[in-house]
Amino acid sequence: MTHDRFRVLAFAAVGGALTALAFPPWAMPWLAPIGIAGLVVAVNGRSAIAGGMAGGAFGLVFFGTTLWWVSESIAVAAWGALMLTQAAWVVMAGTAMTLVRPLRGWPAWTALVWTSVETVRSLVPWGGMPWGRLGYTAVDAPWEGSLAIGGVSAASALIVLIGALVAGVASAVSERRPVLRLTRPVIAAGSALGVGMWLMMTASSLGGRLGVEERGVARVGVVQGGVPGDGTQVAANHRRVTQNQLTQTRRMLADRSSSAPVPDFVLWPENATAVDPVRDSQARAAVSAAVTEAGAPVLLGAIVDTSSPATALNEAIVWTASGPESRYTKQHLVPFGEYVPLRPLAQLVSSRVADIGRDMVPGGAAQPLTVGDLRVAAALCFDVAYDDVVRSQVALGADLVTVQTSNAMFLGTAQLEQQWIITRARAVEVGRSVVVASINGISGAVGPDGRVIERLSPRVSASSLVEVPTATGTSLAVQLGPWPSRAAGMLAIVAVAAAVRQRQRVSVGTQRPARLA
């Protein structure tokens, strides 16, 4: 029994490691379904408790590896707490996957269970943690087109479905059963998967953006000003950071051809100014100078004061020759980074809480920003990892997307590459170009099909004037909005309930005494 339990946990742990390799910095997306297959094999035929233990082993290895950057950039304790919290969700997934395994069409139910848990953990607790969603690894994989069809949730479900089918075949072979004698639901799911893969590869060949049409080109100045010293201390060097943005803007303008048209706008990163540029004269002078010299608006990231000294806003501000105009306020704030939940208790646990003097306040539902003649969907840093921010603004007619990020504290870790792949996945999902400005990396531009148009090296001060396609229309993923994940959740609940009821019937049947002849 002990040997069997060890084998189950080992299968799950190896599956977690293989799935982690699908994410940056390794970025081998084809390993994601193989890793999931390891978890599916581990939970096959197990009790609900054993399935949960297998899920926990998978989750600890997977999140311990993919989120190691938290240890490098913040603290080992923070990494451990986050790893345990996220692994707890996979315990639930493993339990549910075990329950639905006896049902007909179990590979599909398994995929829906995983996607549902993935969605919930992206929201709970304190706004959740969407890092590590399998759908992000669809970029550059044959199933990339699924992002434009059903969004990140659908891509995750497809990856798990592939993994479950692989596990079904592997189990049949290990049990020396003819593969062709697999249950009809598995064969049907495999056939549907083959047709679906062909359709998605066709969609990818068309740009992965069915329903989206390119209509023009936007010229955007991307500015990555840099941070003095080791590059991580933004607040301590905030004046220099703002001045670096202006310096790099001037270099970008000086490098362009004299006959080249002026940019449509210049993009400065999140925290380009750590003080309110409306109230602070130095910050206001730097932004105004950039607007005047570029002859175009500047879309900058700024920390903005509120009526309370205890709170602030993280905003993207469109600054024109007339001053500040439209704004976007960050919706998904980072707990214990931009605000402190349960502050009195947190202060007893860590002295670093004192460094977060003001709590950020989240913004409400966003409208696309008007920047010159363009409508821009704005996202600030971790916002891009959440489904609602970019998708809702594109549905309202945004021509392109901007992501302004700092990421300075994560310099030298895998977080930068992971956020970059998330950004590329969003581009494919919504069918829009995405322009990224970071304080010191990774900045650049991504086309509506996910291809990299420009990428600036991290850790340096740099800038670039990029041309990106603008688009109209909406992908199917944008049209469906949150409904794929909602439908997955409802169906997963039905499947688990049916599985529990089936187990109860079997249990009652085995306990009923036999009748005398």
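Residues numbered from 1 in each chain as written. Predicted model: local features only at pLDDT ≥ 70, side-chain atom pairs only at ≥ 80, totals over all residues. Heavy atoms only, no water.

Asks: Could you give me a rundown of the environment of Val90, with the residues and numbers involved?
Replies: Mapped onto the elements, Val90 comes out in helix 5 (residues 76-100). Separated by 24 residues in sequence, Val90 and Trp114 place their C-alpha atoms 8.3 Å apart. The contacts of Val90, once residues within four sequence positions are left out, are Gly55, Gly56, Phe58, Gly59, Phe63 and Trp114. (Helix = DSSP H or I, 4+ residues; strand = E, 2+ residues; numbered from the N terminus. Contact = heavy atoms within 4.5 Å.)

Asks: So, the packing of aromatic side chains: which residues are in play, and what are the values?
Replies: Per the stated rule, a full pass over the model turns up 10 aromatic pairs. Between Trp68 and Trp79, the ring centres sit 4.8 Å apart and the planes meet at 85°, which makes this aromatic pair edge-to-face. Separated by 11 residues along the polypeptide, Trp68 in helix 4 (residues 68-73) and Trp79 in helix 5 bring together distant segments of the chain. Arranged with centres 5.5 Å apart and planes meeting at 85°, the rings of Trp126 and Phe336 form a pair that is edge-to-face. Of this pair, Trp126 sits in the loop between helix 6 (106-121) and helix 7 (146-174) while Phe336 sits in the loop between strand 5 (323-329) and helix 11 (343-349), and the two are 210 residues apart along the sequence. Judged by its relative accessible area of 43%, Phe336 falls in the partly exposed class. Put simply, the rings of Phe23, Phe58, Phe62, Phe63 and Trp114 pair up and form one aromatic cluster. In this structure, Arg101 packs its charged tip against the face of Trp106, placed 3.7 Å from the ring centre. The ring centre of Trp483 lies 4.7 Å from the NZ or CZ of Arg486, which sits over that ring. (Phe/Tyr/Trp six-rings, centres within 6.5 Å; stacked < 30°, edge-to-face > 60°. Buried < 20%, exposed > 50% of the residue type's maximum accessible area, 1.4 Å probe, protein only. Lys NZ or Arg CZ within 6 Å of the ring centre and 35° of its normal.)

Asks: Report on the pattern of salt bridges, specifying residues and quantitative values.
Replies: Summed over all chains, the structure comprises 16 salt bridges. The salt bridge involving Arg133 is made with Glu118; its shortest N-O contact spans 3.9 Å. Note that Arg133 is positioned in the loop between helix 6 and helix 7 and Glu118 in helix 6, a separation of 15 residues in sequence. For the residue pair Arg133 and Glu118, the accessibility class agrees, reading buried in each case. What emerges from the salt-bridge pattern is a single network uniting Glu118, Arg133, Asp387, Arg426 and Glu429. (Salt bridge = Lys/Arg side-chain N within 4 Å of Asp/Glu carboxyl O.)

Asks: Go over the packing of helix 2 (residues 31-43) against helix 5, please, and point to the residues and values.
Replies: Where helix 2 meets helix 5, the axes come as close as 9 Å, and the angle between the chain directions of the two elements is 60°. Put simply, helix 2 runs oblique to helix 5. Remark: the crossing between helix 2 and helix 5 carries right-handed chirality. The residues of helix 5 that touch helix 2, namely those facing Leu39, Val40 and Val43, are Gly94, Met97 and Thr98. Broken down by class, the residue content of the contact of helix 2 with helix 5 amounts to four nonpolar, two polar and no charged. (Axes fitted to C-alpha atoms, helices over the stretch in contact; angles between N-to-C directions. Parallel < 35°, antiparallel > 145°, perpendicular 65-115°, else oblique. Left-handed = near helix turned anticlockwise from the far one by under 90°. Nonpolar A, V, L, I, M, F, W, Y, C, P; charged D, E, K, R; others polar.)

Asks: With reference to specific residues and values, describe the sheet that holds strand 11 (residues 444-446).
Replies: The six strands lie next to each other as 7-8-9-10-11-12, forming an open sheet whose pairing is mixed. Both edges of this open sheet fall to strand 7 (369-371) and strand 12 (452-455), since each of them pairs with a single strand only. Across the sheet, the mean angle separating the axes of adjacent strands is 25° when strand polarity is ignored. Pairing geometry for strand 10 (residues 434-438) and strand 11, over three bridges, is antiparallel. (Pairing = 2+ DSSP bridges.)

Purely spatial values, then, with no claim about function.
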